[in-house]
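Coordinate inspection notes
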Amino acid sequence: MKNKYFEILFMGLVVFCSCKKSFLEQTNPNAVTIPAFFTSETDVLLALNGCYYEMKNNNAMGEESDLFTDQRSDDTGTNDNQSNAGEPFQFNNFSLLPTNSYLYTHWKQMYLSIAQCNLLLANIDKVKFTDSLKPTYAAEAKFLRALQLFDLVREFGDIPMTTVPLTTTAQITAATFRVPAAQVYNQIVGDLVDATKSNLPIRQPAGNRGHASMQAVNCLLGTVYLTKFAMLDGGNNGAAPNSDLDSAEYYLSACWNERTFTDLTTIPYTDNFDVNKKASCPELIFQLVYLQGDVTYYSHLAADAQAANEKINTKKVQSGVGYNVTHDLVKEYEPTDLRDSFSIRYDTFKTVKDWYVTKFRDTSAAAGPNGYGGNDFPVMRYADVVLKLAEVNLYRGNTAQAIQYLNMVRMRAKMPDYATSMADPSYSAKFPTLKLALLHERRSELAFEHYRWFDLLRFFNINDLVTYIHSKNAADWGLANIANFSTKDEFYPIPYNETILDPKRMYQNPGY
């Protein structure tokens, strides 16, 4: 049996070929070899665009990749355990099986995208450049590789990892093993530190949005160090010299200092999701770009989220329940929170009678009745950076500074400051500690932007997370059974097709 994970890396070589037959057919006369492809700066740019394109696939990190993030959390989920919904339901029901086809497709697509980055980086030195684009392209490819490795290591723990193209059976066999998570984090950090030394622009111009910038690199690097501090170091409160928490604060602060605005109150919350401002909103750091009205590259999110008999997201007529919202999230929003009324809506239609997501909208004539939306999907924005700086200061014991950052986000949402809110018995009962208040603010601010599951993993060790999940009202999760949640659910299972190839080196995660 072929090694499917590394077959994906090997098949990544085909991305630049123009043949109809498999690239694995060595006698194919139409195949374009990699050295033959990389001959000009334009070729490298095409390869880089291919890296972004593969990453934007919904089976990787696209706008509708929520199955692997938000649907694992308490924000949303497939509230249907029948027929074709059975496998997606496993994610938020905590009954995920190693044979789940959606999980396996996600695994393959992520590694295919990483393979494209490896190909570019292995061949870029073969091209003669006439200007400074070479280090820029290399930095972008390293950023994309790091971004996807970061998702994979948080999802699966120890993972296979290679940073070079694998072109022979011997190379593939030798590389078929899971690498310890700490080593994966070192690779991620190394890629991003290299990118900080490049000539990437601080912020990409509007015409080049969707490409990595120095803001994005610093934001991701700060997040990686913060996650490493919480998940690998066990949260040592920054006691060790040169700790990961020090580095998290350094890079998150660098990103904050690179902003082009004064404070968040100058940017309406809704601007982050306005299709007419996606190229001009200064809060957006890194986004996935979609083309309004384009039959191939349009955004599906607004239309797919809309429930039957509703018209707020799109002109497209829908008949289903839309993008489902858990009642657990609905009940957590504070009564006067404008982010509540903008982000979700109750559909009174007889076949729905439930909440759906309205955060992403495009009712323009250009999107039309087919729902060919123009929403860009925000991957990084400054509200997240501010709240992570609050988190860093919380761990450091700098409570006043943490609250100051927290209040920046609450003020923009026109919510009472933290001190005032804590005087409200309802708020203080729900969020008795600053840590829980920060987690609540992240949930309210960043809902449906693929943060929540990773936030839960970072804020709690797995035993405390089990207690936190089990403390919730099971009825507010719909059909999903939260009693299923246990320590095994810290990570996804390694897909069955991978573990059977080498059960010793591709060992399964505990509990599966």
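In case you missed it, the structure is sitting above this.
Being a predicted model, the structure only gives us computed values, none of them experimental. (Residues numbered from 1 in each chain as written. Predicted model: local features only at pLDDT ≥ 70, side-chain atom pairs only at ≥ 80, totals over all residues. Heavy atoms only, no water.)

**Re the packing of helix H6 (residues 133-156) against helix H8 (residues 181-196)**
In the contact formed by H6 and H8, the axes pass within 8 Å of each other and the chain directions differ by 155°. One element, H6, and the other, H8, form an angle in the roughly antiparallel class. Along this stretch, H6 crosses H8, giving a crossing that reads as left-handed. Along its contact with H6, which presents Ala139, Lys142, Phe143, Arg145, Ala146, Leu149, Phe150, Val153 and Arg154, the element H8 presents Ala181, Val184, Tyr185, Gln187, Ile188, Asp191, Leu192, Asp194 and Ala195. Residues that form the contact of H6 with H8 fall into these classes: twelve nonpolar, one polar and five charged. (Axes fitted to C-alpha atoms, helices over the stretch in contact; angles between N-to-C directions. Helix = DSSP H or I, 4+ residues; strand = E, 2+ residues; numbered from the N terminus. Parallel < 35°, antiparallel > 145°, perpendicular 65-115°, else oblique. Left-handed = near helix turned anticlockwise from the far one by under 90°. Contact = heavy atoms within 4.5 Å. Nonpolar A, V, L, I, M, F, W, Y, C, P; charged D, E, K, R; others polar.)

**Overview of the packing of helix H9 (residues 214-231) against helix H14 (residues 382-396)**
In the contact formed by H9 and H14, the axes pass within 11 Å of each other and the chain directions differ by 35°. Our pair here, H9 against H14, has a crossing hand that is left-handed. Between H9 and H14, the contacting residues are Gln215, Cys219, Thr223, Leu226 and Phe229 on the first element and Tyr382, Asp384, Val385, Lys388, Glu391, Val392 and Tyr395 on the second. When the residues that make up the contact of H9 with H14 are grouped by side-chain class, the tally is seven nonpolar, two polar and three charged.

**Description of the nonpolar core**
Residues Phe143, Phe286, Met380 and Leu465 are the most contacted members of the largest nonpolar core, which totals 135 residues. Tallying contributions element by element places H6 first for this core, with 13 residues. Once you skip the residues sitting within four places of it in the chain, Leu465 turns out to touch Trp453, Leu456, Leu457, Phe460 and Phe485. (Core = buried A, V, L, I, M, F, W, Y, C linked by side-chain atoms within 4.5 Å. Buried < 20%, exposed > 50% of the residue type's maximum accessible area, 1.4 Å probe, protein only.)

**Some points on H9**
An ideal rise of 1.5 Å per residue puts 26 Å on 18 residues; H9 measures up with 25 Å between its terminal C-alpha atoms. By the criterion of burial, H9 is predominantly enclosed, with 17 of the 18 residues buried. Where H9 begins, one side-chain oxygen reaches toward the backbone nitrogen of Gln215, 3.4 Å away; that side chain belongs to Ser213. (Expected span 1.5 Å × (residues − 1). Polar contact = N/O pair within 3.5 Å; in protein donor to acceptor, adjacent residues only side chain to side chain.)

**Details of H14**
Taking 1.5 Å per residue as the helical rise, H14 with its 15 residues ought to reach 21 Å, and the 21 Å between its terminal C-alpha atoms agrees with that figure. For H14, the buried fraction is high: 13 of the 15 residues fall into the buried class. Directly beyond the C-terminal end of H14, a positive phi value near 85° is found at Gly397.

**Looking at the side chain of Gln215**
Mapped onto the elements of the fold, Gln215 is located in helix H9. A residue is classified by how much of its surface remains accessible, and Gln215, at 0% relative accessible area, is buried. Looking at Gln215, its side chain comes within polar contact range of the main-chain oxygen of Glu258, at 3.0 Å. Apart from residues lying up to four places away in sequence, Gln215 is in contact with Ile202, Arg203, Cys255, Glu258, Arg259, Ile285 and Tyr382.

**Comments concerning the pattern of salt bridges**
Pairs can form between side chains of opposite charge whenever their charged atoms are close. Within this structure, the stated rule accounts for 38 salt bridges. Several salt bridges converge on common partners, so that one network encompasses Glu283, Glu334, Asp337, Arg339, Lys359, Arg381, Arg410, Arg412, Glu441, Glu445 and Glu449. (Salt bridge = Lys/Arg side-chain N within 4 Å of Asp/Glu carboxyl O.)

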